[in-house]
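If you want the building blocks of each chain, they are given just below.
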Amino acid sequence: MSFDSLNLHETLVRAVTTAGYAAPTDVQQRAIPPALAGQDLMVSSNTGSGKTASFVLPALMRVLASRALPRPPRGTVTGPRILVLTPTRELAMQVAKAAMDYGRFVPHLSVCTVVGGVPYGLQLKQLRAPLDILIATPGRLIDHLESGKAVLGNVEMLVLDEADRMLDMGFIDPIHHIAKATPKARQTVMYSATFGGHVGRLAEELLRTPQRIEVSSQTEAHADIEQRLHWADDFQHKNALLDHILTERSVDQALVF
């Protein structure tokens with residue numbers, strides 16, 4: 001299967017080809033068609049499976065469709081058409097980069113990130129400007145929403161990326177608050193490692209007759225990774241062990257807990 005067969009706009013196919021992707025991954029093949037049809041989705045997929053493109057490309061299709069609509073009066077703050085919630089600033093930046101990469105040929109594409117650790121003034125300026133895609137962490141977006149600076153009344157597609165992590169971080173109330181600020185007629189897609197317990201209940205509350213997509217969730221085996229456990233008698237012994245490991249010539253990369 002090729003990206004052409006997914007009924008994507010030629011500008012998006014050209015962008016993914018330029019990015020070096022020859023064919024869609026399993027999760028992209030299974031999630032993109034129903035997403036393009038406006039279906040709500042519950043998707044489980046491994047990291048590295050191409051899940052980001054599976055919601056960014058349908059989101060960009062909505063952006064392209066909006067280009068045929070009349071422009072609002074100059075100075076009107078309409079807010080984003082696409083809202084993506086992520087648990088961390090780092091993931092938000094990754095999604096934003098993917099949106100810019102896959103949308104590189106979309107005319108006048110505007111993507112904004114609202115995350116912690118960034119001055120409020122810059123984010124307020126971005127929120128006032130014409131905006132296609134907003135990618136945010138729930139905590140910072142709630143700040144802007146409660147101050148009246150974030151407009152979510154025109155959101156057509158809400159994406160919850162790594163929903164299980166967001167709930168583990170205590171964001172369930174902010175997610176509910178944010179979802180209530182968006183139109184009920186929106187499309188909602190949720191990505192999570194699992195849909196049991198509180199994640200499943202959230203899906204029941206926010207999604208309408210969703211299609212369930214599960215792409216092999218088993219952890220991949222990496223034969224080239226060696227795991228070691230070292231017992232240390234005290235801090236001095238621990239530091240000596242650490243010094244030995246980090247100076248060992250045979251170790252190119254190491255992750256120490």
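Since we're looking at a predicted model, the values are computed, not measured.

## Notes on the overall build of the protein
Argument step 1. Each helix and strand in the protein was counted, giving 10 helices and seven strands.
Argument step 2. With the principal axes as the frame, the protein shows a C-alpha extent of 70 × 45 × 35 Å.
Argument step 3. Here the protein holds 257 residues, and 43% of them are scored as buried.
Argument step 4. Nonlocal contacts in the protein, meaning residues at least 24 apart in sequence, comprise 71% of its contacts between residues at least 6 apart.
Argument step 5. On the protein, roughly 14,400 Å² of surface is accessible, and the fraction owed to carbon and sulfur atoms is 52%.
Argument step 6. Side chains of the protein give 25 positive and 26 negative charges; the mean places of these two sets differ by 12 Å.

## Examining a nonpolar patch on the surface
Argument step 1. Together, Leu242, Leu246 and Val256 line one region of the surface with nonpolar side chains, adding up to about 260 Å² of accessible area.
Argument step 2. One can find Val256 in the segment after α10 (235-247).
Argument step 3. What makes Val256 partly exposed here is its relative accessible area of 48%.

## Structural notes on the nonpolar core
Argument step 1. In this structure, Leu8, Phe55, Leu57 and Tyr102 are the most contacted members of the largest nonpolar core, which totals 41 residues.
Argument step 2. With eight residues, helix α3 (residues 51-66) is the largest single contributor of residues to this core.
Argument step 3. If we skip the residues at most four places from it in the chain, Tyr102 touches Leu12, Ala15, Val16, Tyr21, Ala53, Val56, Leu57 and Leu60.
Argument step 4. Within the second largest apolar cluster, 31 residues are counted, among which are Leu141, Ile175, Ala203 and Leu207.

## Topic: unusual backbone geometry
Argument step 1. One non-glycine residue with positive phi stands out, namely His108, at about 55°.
Argument step 2. Its identity as a non-glycine residue notwithstanding, Thr209 has a phi of 35°, on the positive side.
Argument step 3. By secondary structure assignment, the location of Thr209 is in the loop between α9 (197-206) and β7 (211-214).

## Topic: the environment of Pro33
Argument step 1. With respect to the secondary-structure elements, Pro33 resides in helix α2 (residues 26-36).
Argument step 2. The partly exposed category is assigned to Pro33, whose relative accessible area is 37%.
Argument step 3. Between the alpha carbons of Pro33 and Ser54 there is a distance of 9.4 Å; along the sequence they are 21 residues apart.
Argument step 4. Contacts of Pro33, omitting those with residues within four sequence positions, involve Leu6 and Gln28.

## Comments concerning the packing of aromatic side chains
To describe a pair of aromatic rings, you give the distance between the ring centres and the angle between the ring planes.
Argument step 1. Summed over all chains, the structure comprises two aromatic pairs.
Argument step 2. With a centroid separation of 6.3 Å and 65° between ring planes, the pair formed by Tyr21 and Tyr102 is classed as edge-to-face. With Tyr21 in the loop between α1 (10-18) and α2 and Tyr102 in helix α4 (residues 89-102), this residue pair connects regions lying 81 residues apart in the sequence.
Argument step 3. By relative accessible area, which is 10% here, Tyr102 ends up buried.
Argument step 4. Directly above the aromatic system of Phe105 lies the positively charged group of Arg14, at a separation of 4.0 Å from the ring centroid.
Argument step 5. A cation over a ring is seen here: Arg140 above Tyr120, with NZ or CZ 4.0 Å from the ring centre.

## A word on the pairing of strand β3 (residues 111-114)
Argument step 1. The pairing of β3 with strand β4 (residues 133-136) spans four bridges and is parallel. If you follow Val114 over to β4, its bridge partner there is Ala136.
Argument step 2. Handedness of the crossover joining β3 and β4 through helix α5 (residues 120-128) is recorded here as right-handed.

## Section: the packing of α3 against α4
Argument step 1. Axis separation between α3 and α4 bottoms out at 10 Å; the angle between their running directions is 50°. Viewed along their axes, α3 and α4 adopt a mutual orientation that is oblique. Between α3 and α4 lies a crossing of right-handed hand. On the side of α3, the interface is formed by Thr52, Ala53, Phe55, Val56, Leu57 and Leu60, while α4 contributes Val95, Ala98, Ala99 and Tyr102.
Argument step 2. The residue inventory of the contact of α3 with α4, partitioned by class, reads nine nonpolar, one polar and no charged.

## Re the pattern of salt bridges
Argument step 1. Summed over all chains, the structure comprises eight salt bridges.
Argument step 2. Measuring nitrogen to oxygen at the nearest pair gives 3.2 Å for the salt bridge that ties Glu156 to Arg62. Of this pair, Glu156 sits in the loop between α6 (138-146) and β5 (157-160) while Arg62 sits in helix α3, and the two are 94 residues apart along the sequence.
Argument step 3. A residue is classified by how much of its surface remains accessible, and Glu156, at 23% relative accessible area, is partly exposed.
Argument step 4. Close ionic contact of Arg165 with Glu162 constitutes a salt bridge, the shortest N to O distance being 2.6 Å.
Argument step 5. The class for Arg165 is partly exposed, based on a relative accessible area of 35%.

Definitions and cut-offs
Residues numbered from 1 in each chain as written. Predicted model: local features only at pLDDT ≥ 70, side-chain atom pairs only at ≥ 80, totals over all residues. Heavy atoms only, no water. Helix = DSSP H or I, 4+ residues; strand = E, 2+ residues; numbered from the N terminus. Buried < 20%, exposed > 50% of the residue type's maximum accessible area, 1.4 Å probe, protein only. Contact = heavy atoms within 4.5 Å. Areas by Shrake-Rupley, 256 points an atom, 1.4 Å probe, with all protein chains shown as cover. Lys, Arg positive; Asp, Glu negative; His and termini not counted. Charge placed at Lys NZ, Arg CZ, Asp CG, Glu CD. Patch = residues over 30% accessible without salt bridge, like charges linked within 9 Å, V, L, I, M, F, W, Y side chains within 5 Å. Salt bridge = Lys/Arg side-chain N within 4 Å of Asp/Glu carboxyl O. Core = buried A, V, L, I, M, F, W, Y, C linked by side-chain atoms within 4.5 Å. Phe/Tyr/Trp six-rings, centres within 6.5 Å; stacked < 30°, edge-to-face > 60°. Lys NZ or Arg CZ within 6 Å of the ring centre and 35° of its normal. Pairing = 2+ DSSP bridges. Right-handed = clockwise from strand over helix to strand, strands pointing away. Axes fitted to C-alpha atoms, helices over the stretch in contact; angles between N-to-C directions. Parallel < 35°, antiparallel > 145°, perpendicular 65-115°, else oblique. Left-handed = near helix turned anticlockwise from the far one by under 90°. Nonpolar A, V, L, I, M, F, W, Y, C, P; charged D, E, K, R; others polar.

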